[in-house]
Amino acid sequence: MAHPDVPVKSVDVNYSKILFWSLAFLFINWIGPLLCGKYADTSFDFVPASDIPSQLIGLIGSSVTHEKWCPHVPTQLDNRIKIPSNFNQSFDIAQVKNYQYKDGAYSPRHCQSRYRIALIVPYRDRLDHLEKFLAYMHPYLMKQQLEYKIIVVEQADKKPFNRGKLLNVGFLEAQKMTKIDCVIFHDVDLLPVNEYNMYACTHMPRHMYSAIDTFRFRLPYRELCGGTIAILARHFNVVNGFSNQFSGWGGEDDDFCKRLAGKQLEIVRFDPAVAVYVMLPHSKTTPDPQRMQHLQSSLARSDVDGLNSAKYEVLSIDILPLYVRLLITL
Ligand code: BGC
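Here the residue numbers are simple positions, counted from 1 along each chain's written sequence. Per-residue local features of the predicted model are confined to residues with pLDDT of at least 70, and side-chain atom pairs are confined, for both listing and counting, to 80 or more; whole-chain, interface and lining totals are unaffected and use all residues. Side-chain numbers here rest on the full set of heavy atoms in the structure, without hydrogens or water.

Caption draft 1: Examining the overall build of the protein more closely. The number of helices and strands found in the protein is 9 helices and 11 strands. Relative accessibility decides the category of a residue: with a 1.4 Å probe and only protein chains considered, values under 20% of the type maximum give buried, values over 50% give exposed, and everything between is partly exposed. For the protein, buried positions account for 47% of its 330 residues. Of all intrachain contacts in the protein linking residues separated by at least 6 positions in sequence, the fraction that spans at least 24 positions is 83%. Residue exposure ignores everything except the shown protein chains as possible cover, and the areas themselves are Shrake-Rupley values with a 1.4 Å probe. As displayed, the protein has an accessible area near 17,600 Å², and 56% of this comes from carbon and sulfur atoms. What counts as a helix is a DSSP run of H or I of at least four residues, what counts as a strand is a run of E of at least two, and both are numbered from the N terminus. The contact criterion used throughout is that any non-hydrogen atoms of two residues lie within 4.5 Å.

Printed below as a string of structure tokens:
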């Protein structure tokens, strides 16, 4: 009840204005994005954070006694996506150089790593990204107590960038250097934010990001295999690697996803709070005008276009402290 001394003020309520703004709010925040497919990811299946350790495949056939294994890295259960505000300032290449790597490889000194990976990075002309990537990824992977090797496959010729073929070459050449059970293909501009996103393989191929800043922390479509993928070497062989046909931006990852589906290899993804990434800014490269055409014949080509048909020339193999550099012409 109003206080008797306070004059009652009549307020004009403009119901039509309220209705208009409510509808506008609903449209902008919900109906519009829904129509554009922005919420398509609501139907994604993610491995819950607490199940992640049980999904990882450790070193197979190792003779190490149980006591010597490095401890399991715990899984973060806080399910909020968090990006530190100083994220872009945290690249210190000088500090990483002090670690005295010899060949882009590392294994923990005091315990036996549970996971061994080869990280293969397709690359050309992005020194700033490569420096940031190495400065960020080495400490990140060390913290996870992994046995790992970073291999950068650089396209030396001036032809359009062929990401799929470079990844095939990286895989074929890496096998000549080291034993590979698990390989992670990784773009140079992607950085994992959450240190609990384990860089190890799962029983099925894993698309490593479930949330990324450039897509407003959502995934645009279910069959997305872009950016970074962790896969057992035997599965990569089963699908005959990537297609070599896609030159220029786009499509090779969609084609790869089709190959996996064709062999009943179902993509898995971790909880978005764990599998969260940021992308270093860059200008977009020219899309491959033929990518849609190639995508129509993905499965028909997969047995004859891939690892078994990749023609290339190795110009040099440089064993650098922070990575092995393969200089290739395609
Ligand atoms: C392209 C993919 C790319 C995806 C997300 C698709 O249109 O074909 O190569 O990963 O968009 O950017």
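There is more to say after this.
Caption draft 2: Broad picture of the site of the ligand. Near, as used in this document, describes a residue that has one of its heavy atoms within 4 Å of the molecule or strand being considered. Taken together, the residues surrounding the ligand are Phe-215, Tyr-221, Leu-224, Trp-249, Gly-250, Gly-251, Asp-253 and Asp-254. Residues adjacent in sequence count toward polar contacts only when both atoms are side-chain atoms; beyond that, a polar contact is any pair of N or O atoms within 3.5 Å, and within protein one must be able to donate a hydrogen and the other to accept it. Taking Gly-251, its main chain carries an N or O atom lying 3.0 Å from an oxygen atom of the ligand. Here an oxygen atom of the ligand and a side-chain polar atom of Asp-254 are 2.5 Å apart. Here the ligand loses 74% of its free accessible area of 310 Å² to cover by the protein chains. Its residues placed into classes, the shell around the ligand shows 4 nonpolar, 2 polar and 2 charged. Residue polarity is assigned by list, with Asp, Glu, Lys and Arg as charged and Ala, Val, Leu, Ile, Met, Phe, Trp, Tyr, Cys and Pro as nonpolar; anything else, Gly included, falls into the polar class.

Caption draft 3: Structural context of the side chain of Asn-244. Here Asn-244 lies in the loop between α6 (233-238) and α7 (252-262). A polar atom in the side chain of Asn-244 sits 3.0 Å from the backbone oxygen of Gly-306. At 3.2 Å, the side chain of Asn-244 forms a polar contact with the side chain of Ser-309. Ignoring sequence-local partners within four residues, the contact set of Asn-244 consists of Asn-162, Lys-165, Asn-168, Asp-305, Gly-306, Ser-309 and Ala-310.

Caption draft 4: The packing of aromatic side chains, seen in detail. Any Phe, Tyr or Trp ring, taking Trp's six-membered ring, that has another such ring centre within 6.5 Å forms a pair; planes under 30 degrees apart are called stacked, those over 60 apart edge-to-face, and the others tilted. One pass over the full model with this rule turns up 11 aromatic pairs. Between Phe-185 and Phe-236, the ring centres sit 4.7 Å apart and the planes meet at 45°, which makes this aromatic pair tilted. One end of the pair, Phe-185, is in strand β4 (residues 182-186); the other, Phe-236, is in helix α6, with 51 residues separating them in the sequence. Taken as a pair, Phe-185 and Phe-236 share a single burial class, namely buried. Look at Phe-236 and Phe-256: their rings are 5.8 Å apart centre to centre, the planes differ by 50°, and that puts the pair in the tilted class. On the criterion of sequence distance, the pair formed by Phe-236 in helix α6 and Phe-256 in helix α7 is long-range, its members being 20 residues apart. Through a chain of ring-to-ring contacts, three or more aromatic side chains come together here, namely Phe-171, Phe-185, Phe-236, Phe-242 and Phe-256. Cation placement over rings: the criterion is NZ of Lys or CZ of Arg within 6 Å of the ring centroid and within 35° of the ring normal. Taking NZ or CZ as reference, Arg-222 lies 5.9 Å from the ring centre of Phe-44, over its face. Across the ring face of Trp-249, the terminal group of Lys-284 is positioned such that the distance to the ring centre comes to 4.2 Å.

Caption draft 5: Quick peek at a nonpolar patch on the surface. Together, Met-177, Ile-317 and Ile-319 make up an exposed nonpolar region whose accessible area comes to about 250 Å². Note that Ile-317 resides in strand β10 (residues 313-319). Each patch is built from salt-bridge-free residues with over 30% relative accessible area, joining like charges within 9 Å and nonpolar side chains (Val, Leu, Ile, Met, Phe, Trp, Tyr) within 5 Å. Criterion for a salt bridge: a side-chain nitrogen of Lys or Arg within 4 Å of a carboxyl oxygen of Asp or Glu.

Caption draft 6: Seen up close, the pairing of strand β2 (residues 116-123). Counted residue by residue, β2 has 7 buried out of 8 residues, so it is predominantly covered. Two elements, β2 and strand β3 (residues 147-155), share 8 bridges in a ladder whose sense is parallel. Looking at β3, one finds that Ala-118 is bridged to Lys-149. The handedness rule is simple: strands pointing away from the viewer, and a clockwise path from the first strand over the helix to the second, make the crossover right-handed. Handedness of the crossover joining β2 and β3 through helix α4 (residues 127-143): right-handed. Whether two strands pair depends on DSSP finding at least two bridges between them.

Caption draft 7: Representation of the state of the cysteines in the model. Cysteine sulfurs are considered disulfide-paired once they come within 2.5 Å of each other. Under the criterion given, the structure shown has 3 disulfides. Disulfide pairing is shown between Cys-70 and Cys-111; the S-S distance is 2.0 Å. Torsion about the S-S bond of the Cys-70 and Cys-111 cystine: about 95°, corresponding to right-handed handedness. Residue Cys-70 is located in the loop between α2 (52-55) and α3 (93-97), and its partner Cys-111 is located in the loop between β1 (105-106) and β2; the two are separated by 41 residues in the primary sequence. Neither residue differs from the other here; Cys-70 and Cys-111 are each classed as buried. In this model, Cys-225 is linked to Cys-257 through a disulfide, with the two sulfur atoms separated by 2.0 Å.

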